[in-house]
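Topology and contacts: notes
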There are 2 protein chains.
Amino acid sequence: MTKEEIKVFCPATIANISCGFDVLGVALDSVGDEMIVRKVSEKGVRITKLEGQDLPMETLKNVAGVAGIELLANSDYEGGFEIEIYKKIKAGSGIGSSAASSAGAVWAMNELLEKPFSQLQLVKFAMEGERLASGVAHADNVAPALFGGFTLVRSYDPLDIVTIPAPIALYATVIHPQIEVKTSDSRKILKTSITMETGIKQWGNLGGLIAGLFKEDYELIGRSLVDHIVEPIRSILIPGFDEVKKAVVQAGALGSGISGSGPSIFALSEGASTAQNVAVAMRGVYENIGIDYEVHVSKVNVDGVREL
Amino acid sequence: MTKEEIKVFCPATIANISCGFDVLGVALDSVGDEMIVRKVSEKGVRITKLEGQDLPMETLKNVAGVAGIELLANSDYEGGFEIEIYKKIKAGSGIGSSAASSAGAVWAMNELLEKPFSQLQLVKFAMEGERLASGVAHADNVAPALFGGFTLVRSYDPLDIVTIPAPIALYATVIHPQIEVKTSDSRKILKTSITMETGIKQWGNLGGLIAGLFKEDYELIGRSLVDHIVEPIRSILIPGFDEVKKAVVQAGALGSGISGSGPSIFALSEGASTAQNVAVAMRGVYENIGIDYEVHVSKVNVDGVREL
């Protein structure tokens, strides 16, 4: 008998990861949304419940709704879906809030339809949710949310997603200062050209980071977590950014950077206890500044969206 | 008893490798120079023989001489060295002719002195030869010549070389059309800035290529051999370039590009027989055009400079 309803965990994700602007992402394990998706006879997609965040429930204004509609448009399924969304990831946090909802919805629907679609097709559907959220159908959050681990968007045309292994002891610490930075705004301030010299440094670091992940060389991962292009510009929007960068290295982190388009700041560490120390260091900075914050410590999620 | 003389093989190298401009390189196995290096009591470095190419023998005008002097300057060795150079790699071919001599000289000297220097230090010494040859102390040829396999120059300041494994069945075919393109000239025509969009494509491909090498995913290696930045400009200097690119793919190559700053063109293939078919296809193009050429088919050299 086929399943009529499924409850899923939809992981938060860190995109860009310093040197991998617009191409790299990684899924987290300890923070994510929950969704219940249900097959119904009525066509279309309806959001029947939305808890935890103040987001639109109309299908075409909700990222899960839009991603689901895109899946339905490519399916011969005659019925529809109801979605209940329990947001744990704050919208605008920079850890893939919209991607979690988009990815979770299409992954759950695919399960209920007995997997007619590949993971790559699901990424394409979920990207429509991202288009709604930010104006750009980017894949650097939805790809790791669906595939798990680290993912590289090698190319958009055609879409080519490369999975990258995560060293077993690699942990992420993320702090979300409670200020608003919209993805669309933080894209606008970026330059449209870069110097060749800067580009060479950036792809050198990106190559180093990917090699470090394959080699499980934590030092190399740390040395490669450098962003010469986006961080110098976007970090201006994040109070306390430079202090956090200094504090996390002192606490033992391999390196750090802006999570997605911010304002969250991530750090990577070898081992859970170092990641916890890094969390303490991050908290200290925002306690001093007097900005509210939320901190997550997580190992890398290697499965992506999963059934609960 | 310590050795007084050593004969070494100094591999040719392909730098850039499409998407890895200024950072990636790979060592070849079937083409390289030979050198004999000898300890002598007289201080300094002397080139006592130079066969195969018309190159200067004065120490400070010869890349091996300059690299050797740099090593001596960092050594407490009281004597000097004589070098015999048997060039098999044509100068100006774009497959690391100067790097082979520079790398071979310092590697051989380090052996004779019983290895006081690390491979990374040898790279630094050999880079001085590259500075003489092209005006820029780049490492993307000398690093693979010394380490073997694929190497990534993650950073110059500080110098950080990352070794990347070579899949066992990966073969290179290189054709050297007998026209002159100077490294210094082919650097001058490059743009000093690139669009962010192009940069993102480039580091996506570089990430894909490195992941493909680690995963031994030949298809991914092939898809990643794309250069949006340098190839469109430099290829104008190479007659027959577009025809060669088409012909090698038809012959089964994974992909192709400009070797170093040209004029040589490389292709990578899975398996020796495909690499041989690619050589036939490359020859066909230059037979038609009526330009003399030299073709090399080689597996990846995983050792770098070695004793003969």
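All of these numbers come straight from a predicted model, not from anything done at the bench.

1. Quick notes on the relation of the copies chain A and chain B
- Note on the identical chains: chain A maps onto chain B by a rotation of 180° and an axial translation of 0.0 Å, with an RMSD of 0.0 Å. Seen this way, the second copy is the image of the first under a two-fold rotation axis.
- The overlap is high: 100% of the interface residues of chain A also sit at the interface in chain B, so the same surface is used on both sides.

2. With respect to the packing of helix H1 (residues 63–73) of chain B against helix H2 (residues 97–112) of chain B
All names here are of chain B.
- The N-to-C vectors of H1 and H2 enclose an angle of 35°; their axes lie 8 Å apart at closest approach. For the element pair H1 and H2, the recorded crossing hand is right-handed. Contacts between H1 and H2 pair Val-63, Ala-64, Ala-67, Gly-68 and Leu-71 from the former with Ser-98, Ser-101, Ser-102, Gly-104, Ala-105, Val-106 and Met-109 from the latter.

3. Focus on the domain arrangement of chain A
Residues and elements named next belong to chain A.
- Taken domain by domain, chain A holds domain 1 (5–164) and domain 2 (170–299).
- Inter-centroid distance (C-alpha atoms) of domain 1 to domain 2 is 24 Å.
- The interface of domain 1 with domain 2 comprises 24 residues on the first partner and 35 residues on the second.
- Looking at the side of domain 1 that touches domain 2, the elements that each hand over two or more residues are strand E1 (5–15), strand E2 (24–40) and helix H3 (119–134).
- Looking at the side of domain 1 that touches domain 2, the element that brings in the most residues is E2, giving four residues.
- Looking at the side of domain 1 that touches domain 2 residue by residue, the class counts come to eleven nonpolar, eleven polar and two charged.

4. Brief notes about helix H6 (residues 196–215) of chain B
Residues and elements named next belong to chain B.
- In this model H6 runs 28 Å from its N-terminal to its C-terminal C-alpha over 20 residues, within 8% of the 28 Å that 1.5 Å per residue would give.
- Taking burial as the measure, the 20 residues of H6 include 16 buried ones, the bulk of the element.
- Glu-216 sits one or two residues past H6 and shows a positive phi near 55°.

5. What about the pairing of strand E3 (residues 44–51) of chain B?
All names here are of chain B.
- Taken together, the seven bridges between E3 and strand E4 (residues 80–86) define a ladder with parallel strand orientation. Within the sheet, the bridge partner assigned to Lys-49 lies in E4 and is Glu-84.
- Where the polypeptide runs from E3 across H1 and back to E4, its parallel neighbour, the crossover connection is left-handed.

6. What about the interface of chain A and chain B?
- Counting residues at the interface gives 32 residues for chain A, matched by 32 residues for chain B.
- Put simply, the parts of the chain that give the side of chain A that touches chain B at least two residues each are strand E5 (150–156), strand E6 (159–164), strand E8 (193–195), helix H6 (196–215) and helix H7 (218–224) of chain A.
- If you tally residues by element for the side of chain A that touches chain B, the top one is H6(A), at 13 residues.
- Of the residues contributing to the side of chain A that touches chain B, the split by class is 16 nonpolar, eleven polar and five charged.
- Pairing of E8(A) with strand E8 (residues 193–195) of chain B involves three bridges; the strand directions are antiparallel. Within E8(B), the position partnered with Thr195(A) by the bridge is Ser193(B).

7. Re helix H10 (residues 272–289) of chain A
Residue and element names in this part refer to chain A.
- Over its 18 residues, H10 runs 26 Å from end to end, which matches the ideal 26 Å to within 8%, given 1.5 Å per residue.
- Buried residues along H10 sit in contact with strand E7 (170–177), helix H9 (241–250), strand E10 (265–270) and strand E11 (293–299).
- Positive backbone phi, at 85°, marks Gly-290, one or two positions downstream of H10.

8. A look at the nonpolar core
- Membership of the largest hydrophobic core comes to 201 residues, with the highest contact counts inside it found for Ala103(A), Ala126(A), Leu146(A), Ala103(B), Ala126(B) and Leu146(B).
- Filtering out sequence-adjacent residues up to four positions away, Ala103(B) remains in contact with Cys10(B), Ala126(B), Val142(B), Ala145(B), Leu146(B) and Val305(B).

9. Description of the sheet that holds strand E9 (residues 255–258) of chain A
Residue and element names in this part refer to chain A.
- As summarised here, the arrangement of the four strands in space is E9-E10-E7-E11, forming an open sheet in which the pairing is antiparallel. Each edge of the open sheet is held by one strand with a lone partner, namely E9 and E11. Recorded for the sheet is a direction-independent mean angle of 20° between the axes of neighbouring strands.
- Sheet analysis places E9 next to E10, joined by four bridges and oriented antiparallel. Note that in E10 the partner of Gly-255 across the bridge is Leu-268.
- Along the sheet, H10 contacts E7, E10 and E11; its crossing angle with E7, the most-contacted strand, is approximately 15°.

10. Let's talk about the environment of Val300(A)
All names here are of chain A.
- Along the polypeptide, Val-300 turns up in the loop between E11 and strand E12 (306–307).
- Taking the C-alpha atoms as reference, Val-300 lies 8.8 Å from Ala-169; in sequence the two are 131 residues apart.
- In contact with Val-300, other than residues within four places in its own chain, are Val-26, Ala-27, Asp-29, Gly-149, Ala-166, Leu-170 and Ala-172.

Calculation rules
- Residues numbered from 1 in each chain as written.
- Chains lettered and ligands numbered in written order.
- Predicted model: local features only at pLDDT ≥ 70, side-chain atom pairs only at ≥ 80, totals over all residues.
- Least-squares fit on C-alpha atoms with pLDDT ≥ 70 in both.
- Contact = placed C-beta atoms within 7 Å.
- Axes fitted to C-alpha atoms, helices over the stretch in contact; angles between N-to-C directions.
- Helix = DSSP H or I, 4+ residues; strand = E, 2+ residues; numbered from the N terminus.
- Left-handed = near helix turned anticlockwise from the far one by under 90°.
- Domains from an automatic or database assignment.
- Nonpolar A, V, L, I, M, F, W, Y, C, P; charged D, E, K, R; others polar.
- Expected span 1.5 Å × (residues − 1).
- Buried ≥ 20, exposed ≤ 12 C-beta atoms within 10 Å, placed from the backbone.
- Pairing = 2+ DSSP bridges.
- Right-handed = clockwise from strand over helix to strand, strands pointing away.
- Core = buried A, V, L, I, M, F, W, Y, C linked by C-beta atoms within 7 Å.

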